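# Summary of the model geometry
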Amino acid sequence: GLPATTLAAIVDAEAAKRPDGSWNLMSRNPRSSAAGLGQFLSGTWIGMAQQPGNWLNDVARQKGWLDSNGRVAPAARGSLLALRYDATASINSIADYARSNIATIRRAGIRPGNDPQVLANMAYLGHHLGPGDAIRYLKGGLSESRAAHLLKAQVGSAQALEKINRTGDAAVAHRDWLNGYIARKIRPDRFAGLQQASTS
């Protein structure tokens, strides 16, 4: 339900790169539990496995990783989380998460239209911030404390403090950093060949 170019732009923004420039399946953020091509946090990945109607939930059910209440069984957590390093699992889950986040953001009254670049930006905001923070970000901004926490997680404490001191406001510093990152990294146009290949 989403253009291949949008998914590729999200992966390109999230995954670490190998020396040859290719995406590193084993990407890991040392400052959080984020892992894989989509840099999914452990809690988000487990939540998706427990949510009916998406690819990861289907796999978890097929493998017997869910209990009778649809929750991930404790003994299955390691196997489930290891799937973040699988390209097919990551890409399908990026698509499911993006679709869900865009729908949630739209229900909150934010109507971006269907421009591919705007949709890609919104999908990435939902992926990066989670739907709740993405809505707050789009509707007026995050709180100072939340913005400071997120900026430190992304760039490290020292660089975050430098950016906050420069602007005098953590929310402004975080917005400046995130808007700049999105402008540089969320570029579906760079992957136009993928779209042609997926439709031919």
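Residues numbered from 1 in each chain as written. Predicted model: local features only at pLDDT ≥ 70, side-chain atom pairs only at ≥ 80, totals over all residues. Heavy atoms only, no water.

## A few points about helix 5 (residues 87-107)
- For helix 5, spanning 21 residues, the distance from its first C-alpha to its last is 30 Å, which sits close to the expected 30 Å at 1.5 Å a residue.
- Of all the residues in helix 5, the buried ones are A89, S90, S93, I94, A95, D96, Y97, A98, N101, I102 and I105.
- Looking at the buried residues of helix 5, the elements they touch are helix 1 (4-14), helix 2 (42-49), helix 3 (55-62), helix 6 (116-129) and helix 7 (131-138).
- For helix 5, the N-terminal capping position is held by D86, with its side-chain oxygen 3.1 Å away from the main-chain nitrogen of T88.
- Within two residues after helix 5, G109 carries a phi angle of roughly 95 degrees, on the positive side. (Helix = DSSP H or I, 4+ residues; strand = E, 2+ residues; numbered from the N terminus. Expected span 1.5 Å × (residues − 1). Buried < 20%, exposed > 50% of the residue type's maximum accessible area, 1.4 Å probe, protein only. Contact = heavy atoms within 4.5 Å. Polar contact = N/O pair within 3.5 Å; in protein donor to acceptor, adjacent residues only side chain to side chain.)

## Remarks on the pattern of salt bridges
- This structure, assessed with the given rule, holds 6 salt bridges.
- With a shortest N-O distance of 2.8 Å, D96 and R99 are connected by a salt bridge. Within this pair, D96 and its partner R99 are both found in helix 5, separated by 3 residues, close to a single helical turn.
- In this structure, the salt-bridge partner of R136 is D133, at a minimum N-O distance of 2.9 Å. Taken as a pair, R136 and D133 lie in helix 7 at a separation of 3 residues, close to a single helical turn.
- Taking the relative accessible area as the measure of exposure, R136 reaches 46% and is therefore partly exposed. (Salt bridge = Lys/Arg side-chain N within 4 Å of Asp/Glu carboxyl O.)

## A few points about the environment of L2
- Along the polypeptide, L2 turns up in the segment before helix 1.
- Setting aside residues no more than four positions away along its own chain, L2 makes contact with L7, A95, A98, R99 and I102.

## Concerning the packing of helix 8 (residues 144-155) against helix 9 (residues 157-167)
- The interhelical angle for the contact between helix 8 and helix 9, taken along N-to-C directions, is 130 degrees, at an axis separation of 7 Å. When the interaxial angle is binned, helix 8 and helix 9 end up oblique. Remark: the crossing between helix 8 and helix 9 carries right-handed chirality. Listed contacts from helix 9 to A148, L151, K152 and V155 of helix 8 are S157, Q159, A160, K163 and I164. (Axes fitted to C-alpha atoms, helices over the stretch in contact; angles between N-to-C directions. Parallel < 35°, antiparallel > 145°, perpendicular 65-115°, else oblique. Left-handed = near helix turned anticlockwise from the far one by under 90°.)

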